[in-house]
Amino acid sequence: MTSSSTPGLARFNTLADDEATTALHEVCASAAWGRAILSRRPYATAQALLLASDAATAALTQEDLADAMAGHPPIGRPKPGDPTSSREQRGMAGATEELKAEMLELNLAYQERFGHVFLICATGATGEQMRDAVKSRIGNSPDQERGIVRTELGKINRIRLTRLVTEGE
């Protein structure tokens, strides 16, 4: 995304607050994150929007982070009828049944250990890369994992915001 204003960014800047809130909720399920992004409109550049997203993600409380993660389905099980979820998890679409079963098992073990879904920026990742990531992260301390989750959420939010302000251009 360029650092200059785009028609999509101009459209986002002029959406009614309720429409912008709905669009932002599709990017990140944390209401606190959405309010932070909404409160800084209008954005002069797409880069300014992404930097605001980074700041809002960094400022999320543990409760806000939990809200954000609640909006993400487990890897290997995208939300039915949700094109964003399916697109982001494309790397699992062609996975073998064995890999899908292994991911289900790993997802459940991770969720039991940390109390939330395994969150990874899955865009462009293969099923094997996602499996390897959950395997390596399941041994992390809860504090280490929260830091990684926040970083992954930030990456996801950036990709989704970029798509939001460039769709239809």
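Residues numbered from 1 in each chain as written. Predicted model: local features only at pLDDT ≥ 70, side-chain atom pairs only at ≥ 80, totals over all residues. Heavy atoms only, no water.

Participant: Please explain the environment of Arg-90 as it appears in this structure.
Facilitator: The topology assignment puts Arg-90 in helix α7 (residues 90–93). Taking the relative accessible area as the measure of exposure, Arg-90 reaches 55% and is therefore exposed. Sequence separation between Arg-90 and Ile-75 is 15 residues, and the spatial gap between their C-alpha atoms is 10.0 Å. (Helix = DSSP H or I, 4+ residues; strand = E, 2+ residues; numbered from the N terminus. Buried < 20%, exposed > 50% of the residue type's maximum accessible area, 1.4 Å probe, protein only.)

Participant: Honestly, the side chain of Ser-30 in this entry has me stumped. Any pointers?
Facilitator: For Ser-30, the location among the structural elements is in the loop between α2 (17–27) and α3 (31–39). Assessed through its relative accessible area of 2%, Ser-30 is described here as buried. Reaching out from Ser-30, the side chain makes a polar contact with the backbone nitrogen of Ala-32 at a distance of 3.4 Å. Separated by 3.1 Å, the side chain of Ser-30 and the backbone nitrogen of Trp-33 make a polar contact. Excluding anything up to four places from it in sequence, Ser-30 contacts Leu-60, Asp-64, Asp-67 and Ala-68. (Polar contact = N/O pair within 3.5 Å; in protein donor to acceptor, adjacent residues only side chain to side chain. Contact = heavy atoms within 4.5 Å.)

Participant: Sorry if this is basic, but what is going on with the pattern of salt bridges here?
Facilitator: Close approach of charged atoms allows side chains with opposite charge to pair. Under the defined criterion, the tally for this structure stands at nine salt bridges. Where Glu-102 meets Arg-131, a salt bridge forms, and the shortest distance between an N and an O atom there is 3.7 Å. Of this pair, Glu-102 sits in helix α8 (residues 97–114) while Arg-131 sits in helix α9 (residues 127–137), placing them 29 residues apart in sequence. Two residues, Glu-102 and Lys-135, come together in a salt bridge whose shortest N-O distance is 3.1 Å. Of this pair, Glu-102 sits in helix α8 while Lys-135 sits in helix α9, and the two are 33 residues apart along the sequence. By relative accessible area, which is 25% here, Glu-102 ends up partly exposed. Overall, the relative accessible area of 43% leaves Lys-135 in the partly exposed class. A single salt-bridge network, built from bridges that share partners, covers Glu-102, Arg-131, Asp-132 and Lys-135. (Salt bridge = Lys/Arg side-chain N within 4 Å of Asp/Glu carboxyl O.)

Participant: Mind showing me how you'd approach the packing of aromatic side chains here?
Facilitator: To describe a pair of aromatic rings, you give the distance between the ring centres and the angle between the ring planes. Taken as a whole and assessed by the stated rule, the structure comprises three aromatic pairs. Through pairs of rings, three or more aromatic residues link up here, namely Tyr-110, Phe-114 and Phe-118. We note Arg-41 situated over the ring of Phe-12; from NZ or CZ to the ring centre the distance is 5.5 Å. (Phe/Tyr/Trp six-rings, centres within 6.5 Å; stacked < 30°, edge-to-face > 60°. Lys NZ or Arg CZ within 6 Å of the ring centre and 35° of its normal.)

Participant: Would you mind going over the nonpolar core with me for this structure?
Facilitator: Side chains of nonpolar character tend, in soluble globular proteins, to be buried together. Phe-12, Trp-33, Ile-37, Leu-49, Ile-75, Met-103 and Met-130 are the most contacted members of the largest nonpolar core, which totals 41 residues. At the level of secondary structure, the elements contributing two or more residues to this core comprise α1 (7–14), α2, α3, α4 (46–58), α5 (62–70), α8, α9 and α10 (142–166). Apart from the residues within four sequence positions on either side, Leu-49 is in contact with Leu-9, Phe-12, Ile-37, Tyr-43, Leu-161 and Val-165. (Core = buried A, V, L, I, M, F, W, Y, C linked by side-chain atoms within 4.5 Å.)

Participant: Before we go on, may I ask you to explain α3 in this structure?
Facilitator: Since one α-helical turn is 3.6 residues long, residues separated by three or four positions face the same way. By the burial criterion, the buried members of α3 are Trp-33, Gly-34, Ala-36, Ile-37 and Leu-38. Buried residues along α3 sit against α1, α2, α4 and α10. Where α3 begins, the capping side chain belongs to Ser-30, and its oxygen is found 3.4 Å from the backbone nitrogen of Ala-32.

Coordinates in, geometry out; function isn't part of it.
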